[in-house]
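# Descriptive analysis of the structure
Here's the letter readout for the chains.
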Amino acid sequence: NQIPAKGHNYDGVWKVTMAAECGQAGIESMFCLDCNVAETRSIAPLTHNYGDWFIDKEPTCTESGIRARECGNCKNKETTVILQSGHEFGEWTEKTAATCKKQGVSERVCTKCGFAESKNTPISQHSFGNWIVTVKPSCRQRGTEMRYCSVCKAAQSRFTEESGHSYGEWTVMA
């Protein structure tokens with residue numbers, strides 16, 4: 001003689017026995033009122049519930065920054081890189097003028113961070129004065145002229161053309 005099992009008498013209420021988390025399934029159970037045996041089923045994992053993006057580290061001209069947001073469920077932090085902005089230079093300004101003896105220096109400054117960048121400017125041409133006659137030309141010989149650089153005193157010379165003959169009035173010779 002066998003007595004048939006009467007089956008479980010579940011209370012009909014599902015209770016969370018392990019909460020679902022972001023990326024991990026949970027479990028809920030319903031218990032038999034007579035023997036406390038549990039019937040279980042899976043709870044779908046939660047998905048991240050990220051808030052708004054915020055700046056975690058400001059980018060600079062030379063360093064990248066970080067943008068972040070946080071999950072409201074599990075506090076997981078998601079980050080992305082904000083690229084460095086690069087310098088924004090103003091116009092080149094002359095700091096030291098170039099001469100015929102040495103290079104000059106020009107500078108420009110970043111308007112965001114104040115970083116200064118400089119470069120050499122090429123040596124300039126001589127700054128010659130007016131031509132001065134050093135040897136007057138004659139009708140048979142060329143002359144010479146000189147001029148001098150006002151910065152380095154370099155000399156430059158050139159020949160001038162002969163003046164040519166300068167004849168007087170014709171006279172009759174008998």
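Residues numbered from 1 in each chain as written. Predicted model: local features only at pLDDT ≥ 70, side-chain atom pairs only at ≥ 80, totals over all residues. Heavy atoms only, no water.

### Quick word on the overall build of the protein
What the protein contains, in helices and strands, is zero helices and twelve strands. Listing every helix and strand of the protein by position from the N terminus yields β-β-β-β-β-β-β-β-β-β-β-β. What you see for the protein is a C-alpha radius of gyration of 48 Å, clearly larger than the 16 Å of a compact globule of 174 residues, by over 25%. Taking the principal axes of the C-alpha coordinates as reference, the protein spans close to 185 × 30 × 20 Å. (Helix = DSSP H or I, 4+ residues; strand = E, 2+ residues; numbered from the N terminus. Rg over C-alpha atoms; globule rule 2.2 N^0.38 Å.)

### Examining the packing of aromatic side chains
All told, the structure shown has one aromatic pair when counted by the stated rule. A centroid spacing of 6.4 Å and a plane angle of 55 degrees characterise the contact between F89 and F115, whose relative ring orientation is tilted. Linking F89 in the loop between β6 (77–82) and β7 (93–96) with F115 in the loop between β8 (104–109) and β9 (116–121), this pair joins segments that are 26 residues apart in sequence. Its relative accessible area of 25% is what places F89 among the partly exposed residues. With a relative accessible area of 42%, F115 lands in the partly exposed category. In this arrangement the basic side chain of R142 is found over the ring face of F159, its NZ or CZ atom lying 4.2 Å from the centre. Here R158 stacks its cationic end above the ring of W131, 3.9 Å away from the centre of that ring. (Phe/Tyr/Trp six-rings, centres within 6.5 Å; stacked < 30°, edge-to-face > 60°. Buried < 20%, exposed > 50% of the residue type's maximum accessible area, 1.4 Å probe, protein only. Lys NZ or Arg CZ within 6 Å of the ring centre and 35° of its normal.)

### Structural notes on the sheet that holds strand β2 (residues 26–31)
In spatial order, the strands read β1-β2-β3; together these three strands make up an open sheet with antiparallel pairing. Each of the sheet's edge strands pairs with one partner strand only, and the pair in question is β1 (15–18) and β3 (38–43). Across the sheet, the mean angle from the axis of one strand to that of its neighbour is 40 degrees, orientation sign disregarded. (Pairing = 2+ DSSP bridges. Axes fitted to C-alpha atoms, helices over the stretch in contact; angles between N-to-C directions.)

### Here we look at the confidence of the model for the protein
Mean pLDDT over the protein works out to 92, with 99% of the residues at or above the 70 mark. Here strand β12 (residues 155–160) stands out as the least confident element of the protein, with mean pLDDT 91; strand β5 (residues 65–70) is the most confident, with 97. (pLDDT = per-residue confidence, 0-100.)

### Thoughts on unusual backbone geometry
Positive phi outside glycine occurs at N36, with the angle close to 65 degrees. The residue N36 is located in the loop between β2 and β3 in this model. With a relative accessible area of 55%, N36 lands in the exposed category.

### A look at the pairing of β8
For β7 and β8, the ladder comprises three bridges, and the chain directions are antiparallel. Of the residues in β8, the one forming a bridge with E94 is S106. By the bridge criterion, six bridges tie β8 to β9 in an arrangement that is antiparallel. Looking across to β9, one finds that E107 is bridged to S118.

### Topic: the side chain of T121
Following the sequence through the fold, T121 ends up in strand β9. On the basis of relative accessible area, T121 is assigned to the buried category, the value being 18%.

### Brief notes about the environment of Q24
Residue position: Q24 is located in the loop between β1 and β2. Relative accessible area serves as the criterion here: at 41%, Q24 is assigned to the partly exposed category.

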